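# A look at the structure
As a plain string of letters, each chain reads:
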Amino acid sequence: MSVLEIIKKRRSIRKFKPDPISEEVIDKLIEAIIWAPSAGNKQMRKFFFVFNKKIKKEIALTSLYQMFIEEAPLVIVACGDKGIERYYGKRGLENYLFCDVAASIQNLLLVAQEEGLGSCWVGAFDEEEIKKILNLSENLIPVAIIPVGYPQKIPSPPPRKDKNSLIEVIK
Ligand SMILES: Cc1cc2nc3c(=O)[nH]c(=O)nc-3n(C[C@H](O)[C@H](O)[C@H](O)COP(=O)(O)O)c2cc1C
């Protein structure tokens, strides 16, 4: 399948089978995260792979009770490292930090799709609570939570804006 086909096939999955994910596939997800671009290749990001049932439940509860998070065999918490400020100041903190994490997340979603896994980018959660649950060091900002597992239900594609409203060509 071409990359574009994988991009178009990927859906946000909110219902998962309990089937575990093999170590081999998890390694591929990790590679996808690692090989994303980052500002100045500083790679100021960190990802927590949570398999623990109790912690997954706590994460779901603090994510506006989005309990489908708890159902996924793997829940990834994607964080940016405030240490990026050392290199790029305010621009690093306010922009590059989030872009670096987002690039890894999108890579991860696409490789998950290629492996037949479903995932969902979750942004609605209480940042301070996530820091407490995972006992994060002060330098880390949780940016997104990504439940990953084999999909039980694949929704139909939500509509996209047409290219004329999204793209402006300047010649
Ligand atoms: C920054 C961001 C935050 C999101 N937060 C949530 C969320 O909290 N809960 C959820 O179910 N989906 C969340 N989504 C997923 C979107 O709802 C989804 O990507 C969008 O509706 C398009 O559907 P698709 O991913 O199937 O193409 C989020 C996506 C992004 C990029």
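These notes cover the structure that comes with them.

Attention shifts here to the overall build of the protein. Of regular secondary structure, the protein possesses 7 helices and 4 strands. Each helix and strand of the protein, placed in order from N terminus to C terminus, yields the pattern α-α-β-α-α-β-α-β-α-β-α. For the protein, whose C-alpha radius of gyration is 17 Å, the value lies close to the compact-globule estimate of 16 Å for 171 residues. Its C-alpha atoms give the protein principal-axis dimensions of roughly 45 × 45 × 30 Å. Each of the 171 residues in the protein was classed as buried or not, and the buried ones make up 42%. When contacts within the protein are restricted to residue pairs at least 6 apart in sequence, those whose partners lie at least 24 apart make up 77%. Here the protein displays about 10300 Å² of accessible surface, and carbon together with sulfur accounts for 54% of that area. If the 26 positive side-chain charges of the protein are averaged to one point and the 22 negative ones to another, these points end up 5 Å apart.

Another point: the site of the ligand. Near the ligand you find 13 residues, and of these Arg-11, Ser-12, Arg-14, Gln-66 and Trp-121 are the closest. The contact in question runs from a nitrogen atom of the ligand to an N or O atom on the side chain of Gln-66, over 2.7 Å. Burial of the ligand by the protein amounts to 64% of the accessible area it has alone, namely 620 Å². Of the residues contributing to the shell around the ligand, the split by class is 6 nonpolar, 3 polar and 4 charged.

Before going further, it helps to spend a moment on the environment of Ile-146. Tracing the backbone through its elements, the reader meets Ile-146 in strand β4 (residues 140-149). Sequence separation between Ile-146 and Ile-21 is 125 residues; the distance between their C-alpha atoms is 14 Å. Leaving out residues up to four positions away in the same chain, Ile-146 has contacts with Leu-74, Val-75, Ile-76, Ala-78, Ile-105, Leu-108, Leu-109, Ser-119 and Cys-120.

We now examine the packing of aromatic side chains. For the structure shown, the criterion picks out 2 aromatic pairs. When the ring of Tyr-87 is compared with that of Tyr-88, the centres are 6.3 Å apart and the planes differ by 50°; the resulting orientation is tilted. Judged by relative accessible area, which is 29%, Tyr-88 ranks as partly exposed. Aromatic side chains Tyr-88 and Tyr-96 sit 5.1 Å apart centroid to centroid with 75° between the ring planes, which places their arrangement in the edge-to-face category.

The subject of this paragraph is the pattern of salt bridges. Any two side chains of opposite charge can pair, on the condition that their charged atoms come close. Throughout the structure, instances matching the rule amount to 7 salt bridges. With a closest N to O distance of 3.7 Å, Glu-138 and Lys-82 form a salt bridge. Linking Glu-138 in the loop between α6 (127-134) and β4 with Lys-82 in the loop between β2 (74-81) and α5 (85-114), this pair joins segments that are 56 residues apart in sequence. For Lys-82, a relative accessible area of 29% corresponds to the partly exposed category. Residues Lys-90 and Glu-94 are paired through a salt bridge, measuring 3.5 Å at the closest nitrogen-oxygen approach. With Lys-90 and Glu-94 both in helix α5 and 4 residues apart, the pair spans about one turn of that helix. Take Lys-90 and Glu-94: they sit in the same class, and that class is exposed.

Further remarks concern the sheet that holds strand β1 (residues 45-50). On the basis of which strands lie adjacent, the open sheet formed by 4 strands has the order β1-β2-β4-β3 and antiparallel pairing. A single partner strand is all that each edge strand has here, and the edge strands are β1 and β3 (118-119). Here β2 runs beside β4; their pairing, made up of 8 bridges, is antiparallel. Counterpart to Cys-79 in the pairing with β4 is Pro-142. Of the strands in this sheet, β1, β2 and β4 are in contact with helix α2 (residues 23-34), which crosses β1 at around 165°. Strands in contact with α5 are β1, β2, β3 and β4; relative to β4, the strand with the most contacts, it is inclined by about 10°.

The rules behind each value
Residues numbered from 1 in each chain as written. Predicted model: local features only at pLDDT ≥ 70, side-chain atom pairs only at ≥ 80, totals over all residues. Heavy atoms only, no water. Helix = DSSP H or I, 4+ residues; strand = E, 2+ residues; numbered from the N terminus. Rg over C-alpha atoms; globule rule 2.2 N^0.38 Å. Buried < 20%, exposed > 50% of the residue type's maximum accessible area, 1.4 Å probe, protein only. Contact = heavy atoms within 4.5 Å. Areas by Shrake-Rupley, 256 points an atom, 1.4 Å probe, with all protein chains shown as cover. Lys, Arg positive; Asp, Glu negative; His and termini not counted. Charge placed at Lys NZ, Arg CZ, Asp CG, Glu CD. Near = heavy atom within 4 Å. Polar contact = N/O pair within 3.5 Å; in protein donor to acceptor, adjacent residues only side chain to side chain. Nonpolar A, V, L, I, M, F, W, Y, C, P; charged D, E, K, R; others polar. Phe/Tyr/Trp six-rings, centres within 6.5 Å; stacked < 30°, edge-to-face > 60°. Salt bridge = Lys/Arg side-chain N within 4 Å of Asp/Glu carboxyl O. Pairing = 2+ DSSP bridges. Axes fitted to C-alpha atoms, helices over the stretch in contact; angles between N-to-C directions.

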